[in-house]
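Observations on the model geometry
Given next are the chains, with one letter for each unit.
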Amino acid sequence: MKLLFSVTVLSTLVLLGLALPLQHEERSALGRPLRFAKDGTFQISIFEDLHYGENAWESWGPQQDIWSNYVINQVLDAESQQLVVLNGDLITGENTYLENSTDYLDEIVAPFVQRDLSWASTYGNHDSDYNLSRSNILAHERRYHNARTTQMVFGREAGVSNYYLPIYPHKKSSTPSLLLWFFDSRGGFYYQEQNATGDRVGQPDWVDQSVVDWFTATNQELTDEHGGPIPSLAFVHIPTYASQVLQTEAKVKKHYQPGINDDYPLAPQAQGWCADGANDGSCEYGGQDGAFMEAIASTPGMMALFSGHDHGDTWCYKWETQLPGMTVAGNGVNLCFGQHSGYGGYGTWTRGSRQVLIREEMINDIDNLAVETWIRLENQKVVGSVTLNSTYGQDRYPATKNTHTECPTCE
Ligand SMILES: *[C@@H]1O[C@H](CO)[C@@H](O)[C@H](O)[C@H]1NC(C)=O
Ligand SMILES: *[C@@H]1O[C@H](CO)[C@@H](O)[C@H](O)[C@H]1NC(C)=O
Ligand SMILES: *[C@@H]1O[C@H](CO)[C@@H](O)[C@H](O)[C@H]1NC(C)=O
Ligand SMILES: *[C@@H]1O[C@H](CO)[C@@H](O)[C@H](O)[C@H]1NC(C)=O
């Protein structure tokens, strides 16, 4: 009887669209601070380019998503992370139906919910299309109390997944040891919008100036409030143009920037746009990510920026110099790709997930910061294990083998 009553009350609340947000407010992830573990470590697993929801009308589409869930479970079982980052292209929006386009989120997060792990997303270019919107993905994520994705910058030009998360020391303290910044590089097409000839309307594919302004101002406030810069990491789906110039001019060396380097030249923010904002395919790169690159490269304590998007690139590069054709100079920030995690999206490189391990003792001195990172593959093997410290780029590491899989059991 009692059970029946609560089920009825619950379903009434669900019908009113109230149940989950209200019920879980106390327990909501945003209200529960993330902390370093007792042993002084904090580990993040990054899944990117999962591309759920391709061709629901053919058997290979749903099959891919089952395999992607296998990849996620393999990685989660092999690692002990405190946070999962979904770094864009969760869903392939051009393939989805209007009625249920965000339902794929339930499949993606099931392994996190099962383990009571919290996660934080950035959205990618495929997360915006005629039948799929970033705002609706966020609303769907917010049904779960383990979702830490939120929105701190508003407006049509800002995108949605722009926010930060403070990570506190194990011992209670009001000063975070680490900040995680999440940026929205937009792209794709605006939701339910058509132009006069009935075509989808393209959305710019770079981090907007309003977001750069918010980041700079908010970081300054946090620096003032806590009496100095706080070590930080950042996540964005589409890499900046600096990654492309490092790749084509400075060159990725297999023993110094271990990883796959097959997407060459890689696709950066502002690709396909002209400097004047035209988007008719007449320009290769419009330069609109300049302000974002400048902000990242001039933020004290910013250790690394992690991107996805280019499934065939998996290296990290320390950006230290003024590169040919660029007005912004690097300050030593590391620009990293992860590993294509999903069976959706292009390419057959062995699926996997970049791990990032931060040790409190390695971020105590703001002038000498380091983080460890490696890639955990779907077969649970580890490749590309490096330390992003002051000598990264000069330290020699084993090269990463360029391996491929057609399915999890096809090796
Ligand atoms: C969008 O969803 C509608 C309704 O399910 C479907 O008929 C249509 O084919 C979809 N459009 C695209 C571009 O996928
Ligand atoms: C969405 O609807 C389509 C068409 O009915 C179906 O094939 C697909 O499995 C649905 N997707 C989800 C995630 O429910
Ligand atoms: C609508 O968009 C398409 C594709 O970008 C373009 O070819 C077409 O010229 C646009 N139509 C108008 C009226 O702007
Ligand atoms: C950076 O890390 C590598 C790999 O652990 C190590 O060999 C190197 O000595 C470190 N550099 C510094 C300055 O500690």
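Residues numbered from 1 in each chain as written. Chains lettered and ligands numbered in written order. Predicted model: local features only at pLDDT ≥ 70, side-chain atom pairs only at ≥ 80, totals over all residues. Heavy atoms only, no water.

**Description of the overall build of the protein**
Note the following rule: Every helix listed is a DSSP run of H or I at least four residues long, and every strand listed is a run of E at least two residues long, numbered separately from the N terminus. Exposure classes here rest on a 1.4 Å probe applied to the protein chains alone. A residue is buried below 20% of its type maximum, exposed above 50%, and partly exposed in between. Contacts are residue-level and defined by heavy atoms, with any inter-residue pair within 4.5 Å sufficient. In short, Shrake-Rupley with a 1.4 Å probe defines the accessible areas, and a residue's cover is counted only from the protein chains shown.
Broken down by element type, the protein carries eight helices and 15 strands. Every one of the 411 residues in the protein was classed for burial, and the buried ones make up 56%. Of all intrachain contacts in the protein linking residues separated by at least 6 positions in sequence, the fraction that spans at least 24 positions is 71%. Surface summary for the protein: the accessible area is close to 17400 Å², and the carbon and sulfur share equals 52%.

**Regarding the state of the cysteines**
Short version of the rule: Here, the term disulfide refers to a pair of cysteine sulfur atoms separated by no more than 2.5 Å.
Applying the stated rule across the entire model yields three disulfides. Through a disulfide, Cys 316 is tied to Cys 336; the S-S separation comes to 2.2 Å. Taking the sign of the torsion about the S-S bond as the criterion, the disulfide between Cys 316 and Cys 336, at about 115 degrees, is right-handed. Taken together, the residues Cys 316 in strand β11 (residues 316-319) and Cys 336 in strand β12 (residues 333-337) connect sequence positions 20 residues apart. When sorted by exposure, Cys 316 lands in the same class as Cys 336, which is buried.

**Topic: the site of ligand 2**
We apply this condition: Consider each residue's heavy atoms; a residue with any of them within 4 Å of a molecule or strand counts as near. Residues adjacent in sequence count toward polar contacts only when both atoms are side-chain atoms; beyond that, a polar contact is any pair of N or O atoms within 3.5 Å, and within protein one must be able to donate a hydrogen and the other to accept it. Amino acids are sorted into nonpolar (Ala, Val, Leu, Ile, Met, Phe, Trp, Tyr, Cys and Pro), charged (Asp, Glu, Lys and Arg) and polar (every other residue, Gly among them).
The local shell around ligand 2 consists of Ala 56, Tyr 97, Asn 100, Asp 103, Tyr 104 and Glu 107. Interatomic distance of 2.3 Å between a side-chain N/O atom of Asn 100 and an oxygen atom of ligand 2. In the environment of ligand 2, a nitrogen atom lies 3.1 Å from a nitrogen or oxygen atom belonging to the side chain of Tyr 104. Contact with the protein chains hides 55% of the accessible area of ligand 2, taken as 360 Å² for the molecule alone. Of the residues contributing to the shell around ligand 2, the split by class is three nonpolar, one polar and two charged.

**Side note on the UniProt feature "domain: Calcineurin-like phosphoesterase" (unreviewed entry) in the protein**
Threshold: UniProt positions are given in the numbering used here, feature names are shortened, and annotations may be inferred rather than shown by experiment.
UniProt feature "domain: Calcineurin-like phosphoesterase" (unreviewed entry): in the numbering of this structure it lies at residues 71-311. End C-alpha to end C-alpha, residues 71-311 measures 15 Å, and it is 26% helix and 17% strand.

**Quick word on the site of ligand 3**
Taken together, Asn 195, Ala 196, Thr 197 and Asp 199 form the complete shell of residues around ligand 3. In this structure, an oxygen atom belonging to ligand 3 sits 2.3 Å away from a side-chain N or O atom of Asn 195. The side chain of Thr 197 places a nitrogen or oxygen atom 2.8 Å from a nitrogen atom of ligand 3. Surface burial for ligand 3 is 37%, taken as the share of its 360 Å² of free accessible area covered by protein chains. Here the residues of the shell around ligand 3 sort into one nonpolar, two polar and one charged.

**Notes on the sheet that holds strand β9 (residues 232-236)**
Let me state the cut-off plainly: Strand pairing requires that DSSP identify at least two bridges connecting the strands.
Read from one edge to the other, the open sheet built from seven strands follows the order β1-β5-β6-β9-β10-β12-β11, with strand pairing classed as mixed. Of all the strands in the sheet, the pair left with one neighbour each is β1 (34-35) and β11. Two elements, strand β5 (residues 163-168) and strand β6 (residues 178-183), share five bridges in a ladder whose sense is antiparallel. The partner of Tyr 164 across the bridge, within β6, is Trp 181.

**A look at the pairing of strand β7 (residues 189-194)**
With two bridges connecting them, β7 and strand β8 (residues 200-202) associate as antiparallel partners. Residue pairing in the sheet places Gln 194 in a bridge with Arg 200 of β8. Connecting β7 to the antiparallel partner β8 that follows it, the hairpin turn spans five residues, and Gly 198 within it adopts a positive phi of roughly 80 degrees.

**What about the nonpolar core?**
Buried together is how nonpolar side chains tend to be arranged in soluble globular proteins. How we decide: Buried Ala, Val, Leu, Ile, Met, Phe, Trp, Tyr and Cys residues that are joined via side-chain atoms within 4.5 Å together make up what is termed a nonpolar core.
The biggest cluster of nonpolar side chains holds 37 residues, and the ones touching the most others in it are Trp 181, Phe 183, Ile 296 and Trp 319. Contributions of two or more residues to this core are made by β6, α6 (209-225), β9, α7 (241-250), α8 (290-297), β10 (302-307), β11 and β12. Not counting residues within four places of it along the chain, the set of residues in contact with Ile 296 comprises Phe 183, Phe 215, Ala 234, Met 302, Leu 305, Asn 331 and Val 333. Counting 30 residues, the second-largest nonpolar core is a separate cluster that includes Phe 42, Leu 178, Met 303 and Tyr 397.

**A few points about the pattern of salt bridges**
Two side chains bearing opposite charge may form a pair once their charged atoms approach each other closely. Here is the rule we go by: In the sections that follow, a salt bridge refers to a side-chain nitrogen of Lys or Arg positioned within 4 Å of a carboxyl oxygen of Asp or Glu.
Using the criterion set out here, one finds seven salt bridges in the structure. Residues Glu 79 and Arg 376 are paired through a salt bridge, measuring 2.7 Å at the closest nitrogen-oxygen approach. Taken together, the residues span a long stretch of sequence, with Glu 79 in the loop between α3 (60-78) and β3 (83-87) and Arg 376 in strand β14 (residues 371-377) at a distance of 297 residues. Take Glu 79 and Arg 376: they sit in the same class, and that class is buried. For Asp 129, the salt bridge goes to Arg 200, with nearest N and O atoms at 3.0 Å. Residue Asp 129 is located in the loop between β4 (118-122) and α5 (134-141), and its partner Arg 200 is located in strand β8; the two are separated by 71 residues in the primary sequence. On the basis of relative accessible area, Asp 129 is assigned to the buried category, the value being 5%.

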